[in-house]
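Single-letter residue listing:
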Amino acid sequence: MGSLADSAPFRVLVIGGSYGGLSVALNLQDLCRGKEPRCGPTPDKEHEVEQPQIAIDITIVDERDGFYHVIGGPLVLASETYAEKAWVKYDEIPALRSPNIRVIQGSVKSVDTEEKVATFPAHGPAAEEWEIQYDYLVVAAGLRRVWPVVPKSLRRKEYLLETGDHTRDALTGRHGVVVVGGGAVGVEIASELKDLHPEIKVTLVQSRDKLLSAEPLPEEFKDIALDLVRETGVDVLLSHRLDRTEEARDDGVHCYKVHFTNGHTMLADQVVMAVSKSVPSTDFLPPFTLDEEGYVLVESTLQFVDSSPNARSHFAIGDLAKWSGIKRCGAAMHMGYYAANNIFMSMVEENGIELPDIDKPRAVLKLDEIPPMMGLAVGKKAISYWPEAGVNSGEDVMKSFFGDDLAFSSKSSMCSCMM
């Protein structure tokens, strides 16, 4: 069996250090060490064979100084205690403490797919742009989301101040909180806040006549979601389109006056905007790699389409990849595993390494079309849907999908895999 553990390492650049980026980095690390990938299927212990080892250097680039558990974002806005653990600095993640993995906090200015070079902007008046050459590139920078879906802060210290101020402001007023937007984010923000702080008045506002109106999900799912939200004690206003908010005073106390296009008005201590169009974080890529909305065009192997230079060396995963299905963190992790496997197979092929002769040899993985599916946490219960199982809801669904901490400690979560 061949091995390149002592050869010059392959240089792998991963842009984005969230679910997809960490998944591809850690699964590739496993494979190149001769181990089974942590996000892959459970290996057959009775037929384990020695796997080849390949030398790699992995560089992860992310704007933040740590991994932020986006799934737990709604609870972050309601609990300062939870906020403490939802952001883990990269240098405190055990799985990344390896001499062949480095994490750079920063952003990429441009990528030259023909020369396999990524350029980084200069910092400081006297600084110059700098470059990283790579053998394989994985783009996993996700979508550009706005507060409160993700924090504005790029460092953990500022993030704790930001989210702490937000939580305290919500708890100290008398008019309550208005959450604008009846999509998944708005539903979870409103229900988590009300579940954790039942004394607060929480109002969820949706411009359409149903929650989750933009999602390709069964009507039964949307109806149950509405019932569960109301069950938590959240007031739900359907068919209420926001017109504007303005600062106001009530008995000398600062608040906001919320105006709707139907003429309805109400006072609130805090207005949370949970509605915005997220855009792919791909402005550093050549235009020919993108569709008209900025998503990366990929094959089923998650490699760039063949029309791109060096397409076989470039991968895109997660929310920014042009692929079917509702954008989910679980799908990003799954794509990360597929991309890691396929990069490994490319390295094996490039160097003529012979893989073990077993019944089910490792092969290039191709991603199937992903049907609409979702797991939604609503207070102490959750609702789920995927085609094979249909719609299910209840406390048991919450336990199965999210555990006790919105999937932070779940065995299948990225948080668990990197510890």
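Structure shown above.
Residues numbered from 1 in each chain as written. Predicted model: local features only at pLDDT ≥ 70, side-chain atom pairs only at ≥ 80, totals over all residues. Heavy atoms only, no water.

### Concerning the pairing of strand E20 (residues 374-378)
As a reminder of what qualifies: Only protein chains enter the accessibility calculation, which uses a 1.4 Å probe. A residue is then buried if its area is under 20% of the maximum for its type, exposed if over 50%, and partly exposed in between. Elements are defined by DSSP. Helices are runs of H or I of four residues or more, strands are runs of E of two residues or more, and each kind is numbered from the N terminus. The pairing criterion for strands is at least two bridges between them, as found by DSSP.
Of all five residues making up E20, four are buried, and the element is well covered by its neighbours. With five bridges connecting them, E20 and strand E21 (residues 381-386) associate as antiparallel partners. Directly across from Val 378, in E21, lies its bridge partner Lys 381. Count of turn residues in the E20/E21 antiparallel hairpin: two residues, of which Gly 379 carries a positive phi of about 65 degrees.

### Notes on the packing of aromatic side chains
The geometry of an aromatic ring pair comes down to the distance between the two centres and the angle between the two planes. For clarity, the threshold we go by: Pairing of aromatic rings covers Phe, Tyr and Trp, the last counted by its six-membered ring, and requires centre-to-centre distances within 6.5 Å; plane angles under 30 degrees mean stacked, over 60 mean edge-to-face, and any other angle means tilted.
Tallied over the entire structure, the rule returns nine aromatic pairs. Look at Tyr 19 and Phe 67: their rings are 5.2 Å apart centre to centre, the planes differ by 80 degrees, and that puts the pair in the edge-to-face class. Of the two residues, Tyr 19 is situated in helix H1 (residues 19-32) and Phe 67 in strand E3 (residues 66-68); the sequence distance between them amounts to 48 residues.

### Quick notes on the pattern of salt bridges
Which entries qualify depends on this criterion: We define a salt bridge as a side-chain nitrogen of Lys or Arg found within 4 Å of a carboxyl oxygen belonging to Asp or Glu.
All told, the structure shown has 21 salt bridges when counted by the stated rule. A salt bridge links Arg 144 to Glu 63, with the nearest nitrogen and oxygen atoms 2.9 Å apart. With Arg 144 in strand E10 (residues 143-144) and Glu 63 in the loop between strand E2 (56-62) and E3, the pair connects residues that are 81 residues apart, well separated along the chain. By sharing partners, the salt bridges in this structure join Lys 210, Glu 219, Lys 222 and Asp 223 into a single network.

### Let's talk about a negative patch on the surface
Heads up, the condition is: To count toward a patch, a residue needs a relative accessible area over 30% and no salt bridge; like charges are then connected within 9 Å, while nonpolar side chains (Val, Leu, Ile, Met, Phe, Trp, Tyr) are connected within 5 Å. Under the convention used here, a 1.4 Å probe and the Shrake-Rupley method define accessible areas, while residue burial counts only the protein chains that appear. Within this scheme the basic residues Lys and Arg register as positive and the acidic residues Asp and Glu register as negative, but His and the chain ends are omitted. Throughout, a charge is located at the NZ atom of Lys, the CZ atom of Arg, the CG atom of Asp or the CD atom of Glu.
Taken together, the side chains of Asp 112, Glu 114, Glu 115 and Glu 131 define an acidic patch exposed on the protein surface. Relative to the assigned elements, Glu 115 resides in the loop between strand E6 (110-112) and strand E7 (117-120).

### A short note on the pairing of strand E1 (residues 10-15)
In terms of residue burial, E1 counts as a mostly covered element, since five of its six residues are buried. Sheet topology places E1 next to E2; six bridges connect them, and they run parallel. When the sheet's bridge partners are listed, Phe 10 is paired in E2 with Ile 56. Two elements, E1 and strand E9 (residues 136-139), share four bridges in a ladder whose sense is parallel. When the bridges of E9 are listed, Ile 15 appears paired with Val 139.

### A short note on H1
Inclusion rule: The span expected for a helix works out to 1.5 Å for each residue beyond the first.
Look at H1: 20 Å from first C-alpha to last across 14 residues, which is about the 20 Å you get at 1.5 Å a residue. The buried fraction of H1 is high, at 14 of 14 residues. Directly beyond the C-terminal end of H1, a positive phi value near 80 degrees is found at Gly 34.

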